[in-house]
Amino acid sequence: SDMRMLVRVSKEMALVRQAPRRLLVNKGLLLFARCKYTDASQYFRDALNQQRLDPVALSLSHSSPSNPTPQGCPTWKDLTSPTLGFDVEPSLIVECLNNMSLCLLYSGHMRSAVQELEGLIREDPCRYLTEGVAFNLCTLYELGSDGEECTKKKKLLQRVAKRFYLHDVGMESFRLG
């Protein structure tokens, strides 16, 4: 009973800690929907910078089944509760960079969009190479590369996923074939 209470409180604290950043992301999404990509990108960048400066949020984003969270924080298994998806990935880094790369693409800066996503994957492939990131990056490769170069880049990305045993990133994410 005390343990359940602790888990519930720690989940609520994770949601509360994310609220200001989630608000920035939501404002960015609204601006994106209004085709104000430069402004939206700035909101995503601000949320990203706040996320990267928060040591607790970063420690939560490093949690995985093989890397448990610090004492008093929810475990990886605890993070599967149905709370609108806010606590599934305590870090908003992937979401912010993915959205920011779309803003860059739509505002004519495709090379920067590719660099942002590739940089994210280079930083920590196990954490950041998700299905959504792989799909978006492969789409960017298709838009900015010729057939042979595009296929080469997508296969390299696929090898990175295999190298780090990222079985949750499906083959369809790489848009090969």
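Residues numbered from 1 in each chain as written. Predicted model: local features only at pLDDT ≥ 70, side-chain atom pairs only at ≥ 80, totals over all residues. Heavy atoms only, no water.

Right, let's get into the environment of Lys155. Mapped onto the fold, Lys155 is located in helix α8 (residues 147-163). Classification of Lys155 by relative accessible area gives partly exposed; the value is 42%. Between the alpha carbons of Lys155 and Arg175 there is a distance of 9.7 Å; along the sequence they are 20 residues apart. (Helix = DSSP H or I, 4+ residues; strand = E, 2+ residues; numbered from the N terminus. Buried < 20%, exposed > 50% of the residue type's maximum accessible area, 1.4 Å probe, protein only.)

The next point concerns the packing of aromatic side chains. Tallying each qualifying case throughout the model produces three aromatic pairs. Between Phe32 and Tyr37, the ring centres sit 5.2 Å apart and the planes meet at 65 degrees, which makes this aromatic pair edge-to-face. Under the relative-accessibility criterion, Phe32 is labelled partly exposed at 21%. For the pair Tyr37 and Tyr106, a centre-to-centre distance of 5.3 Å together with 80 degrees between the ring planes defines the contact as edge-to-face. Taken together, the positions of Tyr37 in helix α2 (residues 37-53) and Tyr106 in helix α4 (residues 93-106) put the pair 69 residues apart, joining distant regions of the chain. Taking relative accessible area as the criterion, Tyr37 reaches 18% and is therefore assigned buried. We classify Tyr106 as partly exposed; its relative accessible area is 46%. Geometry around Phe164 places Arg163 over its ring, the cationic atom sitting 5.4 Å from the centre. (Phe/Tyr/Trp six-rings, centres within 6.5 Å; stacked < 30°, edge-to-face > 60°. Lys NZ or Arg CZ within 6 Å of the ring centre and 35° of its normal.)

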